[in-house]
Amino acid sequence: MADLNSLIAASETETKDGTLPPEALPEPRSQGKLVLRKFLHHKLAMASSAVLVLIVLLSILLPIFWKHGYQDSSFPSFAKPSSDFPLGTTQVGKDMVSQVLRGTQYSLLIALTVSILATVIGVVFGAIAGYLRGISDSVISRVTDLFLIIPQIAAAAILAKVFGGGSWYIVALVLAAFGWMQIARITRAEAMSLSQREFVDAARASGAGTFRIIFKHLVPNMVGSITVNATLAVAQAVLAEAALSFIGLGVQLPDTSLGRVILENYAQLQTRPALFFGPFIVLVLISLTINFIGDGLRDAFDPRQRRMKA
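What counts and what doesn't
- Residues numbered from 1 in each chain as written.
- Predicted model: local features only at pLDDT ≥ 70, side-chain atom pairs only at ≥ 80, totals over all residues.
- Heavy atoms only, no water.
- Helix = DSSP H or I, 4+ residues; strand = E, 2+ residues; numbered from the N terminus.
- Buried < 20%, exposed > 50% of the residue type's maximum accessible area, 1.4 Å probe, protein only.
- Contact = heavy atoms within 4.5 Å.
- Areas by Shrake-Rupley, 256 points an atom, 1.4 Å probe, with all protein chains shown as cover.
- Core = buried A, V, L, I, M, F, W, Y, C linked by side-chain atoms within 4.5 Å.
- Salt bridge = Lys/Arg side-chain N within 4 Å of Asp/Glu carboxyl O.
- Phe/Tyr/Trp six-rings, centres within 6.5 Å; stacked < 30°, edge-to-face > 60°.

Trainee: Outline the overall build of the chain, supporting the account with residue identities and numerical values.
Mentor: Helix and strand counts for the chain stand at 13 helices and zero strands. The burial tally for the chain puts 41% of its 310 residues in the buried class. Nonlocal contacts in the chain, meaning residues at least 24 apart in sequence, comprise 66% of its contacts between residues at least 6 apart. Counting every atom, the chain has about 17,000 Å² of accessible surface; 65% of that belongs to carbon and sulfur.

See below:
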């Protein structure tokens, strides 16, 4: 409606030769503003963003003010939920709320690390393969296919056990080593398409080198798909880490995670459900909200998506 009103107002200010002065034309919107506007109108993505921000802030700030420390094991074993212990206490006398907060911190840290590393590896390999083609494309594609057929959880469990004994950063590195393949495939396809565009030909004609064309011209034009896939990689990493820790081959003490907290209290599922469902619900919320945010980003970056989606 605002654009229509501006056009009507502009039509009244036509010059004598029938043209419009520059100041009468509506201000063009940049791609970034259009993407942000679409995302802000995606109700589910915005609600998910609010929930995720709340979870992150609580996991960081609440331990500062919470009356029980995550290492304190002086409380009664298996205390029932109360005002002092909203989720009860564990078998060794630790407050469950502090354990969930600590596990959330580590799970998010691992997931972000995995997402960043997997995205960087996938984008570099995919962009190089898509632009250079030929033998480079064949080698990278075969390596990608090889990693895709390896069972991720089984390989990650073995490598995490061999190289670090369950430290959080070792688990993150191992998961990143098996999480870049989908990003590489998507980036390769986009790079092959973009390499035929005029701006790439102009860059070649101006004497730009291969890596300058790839990382200065191709990658910036793939920021939409890179952002979406990096976001979804966070959700996948959260679940992969939880699965690895749940079978006892992921994060080990003194580090922790939501998957490990769930593992430690799985036996109490029927008798003391709060100990199990507390970390489980947080894990599900993190995964769902990140996936919904990824859906919102995908719709926002899609130029064919003209209508605002709820």
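Read on, since the account is not over.
Trainee: Before we move on, could you go through the nonpolar core and cite the residues and values that matter?
Mentor: Membership of the largest hydrophobic core comes to 44 residues, with the highest contact counts inside it found for Val-114, Leu-175 and Ile-286. Listing elements by their share of this core, those giving two or more residues are helix H2 (31–40), helix H3 (43–65), helix H4 (96–132), helix H6 (152–163), helix H7 (168–177), helix H11 (223–246), helix H12 (258–264) and helix H13 (273–301). Here Ile-286 is in contact with Ile-55, Thr-104, Leu-108, Val-238 and Leu-258, once residues within four sequence places are set aside. Counting 18 residues, the second-largest nonpolar core is a separate cluster that includes Ala-191, Leu-218, Met-222 and Ile-226.

Trainee: Tell me about the pattern of salt bridges, and please be specific about residues and values.
Mentor: Per the counting criterion, the structure on display carries seven salt bridges. A salt bridge links Asp-145 to Arg-142; its shortest N-O distance comes to 3.1 Å. Placement of the pair is Asp-145 and Arg-142 together in helix H5 (residues 134–149), with a separation of three residues, close to one helical turn. For Asp-145, a relative accessible area of 24% puts it in the partly exposed group. Classification of Arg-142 by relative accessible area gives exposed; the value is 51%. Between Asp-145 and Arg-185 there is a salt bridge; the shortest N-O distance is 2.8 Å. Placement of Asp-145 in helix H5 and of Arg-185 in helix H8 (residues 181–194) is noted, with a sequence separation of 40 residues between them. When salt bridges with common partners are traced through the structure, they connect Arg-142, Asp-145 and Arg-185 into a single cluster.

Trainee: Before we move on, can you summarise the environment of Asn-291 with the specific residues and values?
Mentor: By the element assignment, Asn-291 lies in helix H13. Measuring from C-alpha to C-alpha, the distance between Asn-291 and Thr-231 comes to 7.7 Å, with 60 residues separating the pair along the chain. Sequence-distant contacts of Asn-291, that is, excluding residues within four places in its chain, are made with Leu-232 and Ala-235.

Trainee: Just give me the short version of the packing of aromatic side chains, but keep the residues and values in it.
Mentor: All chains considered together, the criterion is met by eleven aromatic pairs. With a centroid separation of 5.5 Å and an interplanar angle of 20°, the aromatic rings of Phe-276 and Phe-280 are classed as stacked. A residue pair is termed a helical-turn pair when its members lie 3 or 4 positions apart in one helix, as Phe-276 and Phe-280 do in helix H13 at four residues. Among the residues examined, Phe-276 registers a relative accessible area of 9% and is labelled buried. Assessed through its relative accessible area of 33%, Phe-280 is described here as partly exposed.

Remember, this is a structural readout, not a statement about activity or role.
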